[in-house]
Amino acid sequence: MKKQNIFTLISLIAVAFSANAVDKYVIDEVDVYLRRGPSQQHAFTNTIKSGSKVNALERSADGKYTKLLLKSGNVAWIETNKLSDTPSLKERIPYLEAKIAEYKDKVDNADKYQQKLVTDYVQQLRTTEELVQNLKNKNIELEKQVKEQAAMLDSMLNQVDDKRRDLIVTWFTYGGLVAGGGLILGLILPIIMPRRSKKDRWMR
């Protein structure tokens, strides 16, 4: 009976502790050994975390090892098959998680994004309509100015024609007066001034 009570007490304590437990995940970093030279005969120099970004300088003659330039400025050799052209999952996962969160936000707020697109389109349409209307008004104003200037030009041309006709009439009038005056003078002078005889002219 005492053993059963002790077992029950231990179970209750375990349940209490498990209720306060928090889930954790073991990190997946692994140390990769580097060597002093391009072969297994060369001693290990240090380690590097998997997923680290490194600068590859050259490969060994058999291609099994690659020479690296470390951040410290030192060089070391690593097995070529432990290198990859693509970033590690450790670097890609945060980027992918951010993209997933972005797409999820767009899906969850599809109505809002759609409404925003419609609002932007309507605003652009209104702006375009206002611009077209302003251009129409400007065109009407320019046509009005052209008509007014054309009417003003016609009026000025008519005035010039009138002045030209008046000038022609004036010159013809002056010419007629001069001609008439000369004719009259030619008729009057012989009457006013009597002719002198040849004898009188010789006397002089």
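Everything that follows concerns the structure shown earlier in this document.
Notes on the structure in this doc start here. As the structure is a computational prediction, the values presented were derived from the model and not from experiment.

1. As for the layout of surface pockets
Turning to step 1, where the next piece is worked out: What the largest pocket holds in volume is close to 460 Å³.
Turning to step 2, where the next piece is worked out: As for the largest pocket, its lining consists of 19 residues, and the residues nearest its centre are Gly51, Ser52, Val54, Leu83 and Ser84.
Turning to step 3, where the next piece is worked out: The volume enclosed by the second largest pocket comes to roughly 210 Å³.
Turning to step 4, where the next piece is worked out: As for the second largest pocket, its lining consists of Asn46, Thr47, Ile48, Ser52, Lys53, Val54, Asn55, Leu69, Leu70, Lys71 and Ser72.

2. Focus on the nonpolar core
Note that soluble globular proteins tend to have their nonpolar side chains buried in a common cluster.
Turning to step 1, where the next piece is worked out: Val32, Leu34, Ile48, Leu68, Leu70, Ala76 and Ile78 form the largest nonpolar core, which has seven residues in total.
Turning to step 2, where the next piece is worked out: Residue assignment for this core shows that the elements contributing at least two residues are β1 (31–35) and β5 (75–79).
Turning to step 3, where the next piece is worked out: If we ignore the near neighbours within four places in the chain, the residues touching isoleucine 78 are Val32, Leu34, Lys64, Tyr65, Thr66, Leu68 and Leu83.

3. A short note on the pattern of salt bridges
Turning to step 1, where the next piece is worked out: The final tally for this structure, using the stated rule, is five salt bridges.
Turning to step 2, where the next piece is worked out: Salt-bridge contacts for lysine 99 lead to glutamate 102; the nearest nitrogen and oxygen are separated by 3.7 Å. Separated by three residues within a single helix, lysine 99 and glutamate 102 lie in helix α2 (residues 89–108), roughly one turn from each other.
Turning to step 3, where the next piece is worked out: Put simply, arginine 165 and aspartate 162 hold a salt bridge, and the shortest N to O gap is 2.2 Å. In this pair, arginine 165 and aspartate 162 are both assigned in helix α3 (residues 110–192), three residues apart and thus about one turn of the helix distant.

Analysis parameters
- Residue numbers run consecutively from 1 along every chain, following the written order of its sequence.
- Two thresholds apply to this predicted model, a pLDDT of at least 70 for residue-level local features and 80 or more for giving and counting side-chain atom pairs, whereas whole-chain, interface and lining totals are computed over all residues.
- The basis for every side-chain value is the complete set of non-hydrogen atoms in the structure, without hydrogens or water.
- Both cavities and pockets are sets of points on a 1 Å grid over the protein atoms alone; in a cavity a 1.4 Å probe fits but cannot get out, in a pocket the set is open with protein on both sides within 12 Å along at least five of seven lines, and lining residues sit with an atom within 4 Å of a point.
- Grid points are joined across faces, edges and corners, and a volume is the space filled by probe spheres set on the points.
- Buried residues of nine kinds, namely Ala, Val, Leu, Ile, Met, Phe, Trp, Tyr and Cys, make up a nonpolar core once their side-chain atoms join them within 4.5 Å.
- Exposure categories follow from relative accessible area, calculated using a 1.4 Å probe and restricted to protein chains: below 20% of the type maximum is buried, above 50% is exposed, and the middle band is partly exposed.
- Comment: elements are numbered from the N terminus, with helices defined as DSSP H or I runs of at least four residues and strands as E runs of at least two.
- Whether two residues touch is decided by their heavy atoms; if any such pair falls within 4.5 Å, the residues are in contact.
- Note on definitions: salt bridges are taken to be side-chain nitrogens of Lys or Arg within 4 Å of carboxyl oxygens of Asp or Glu.

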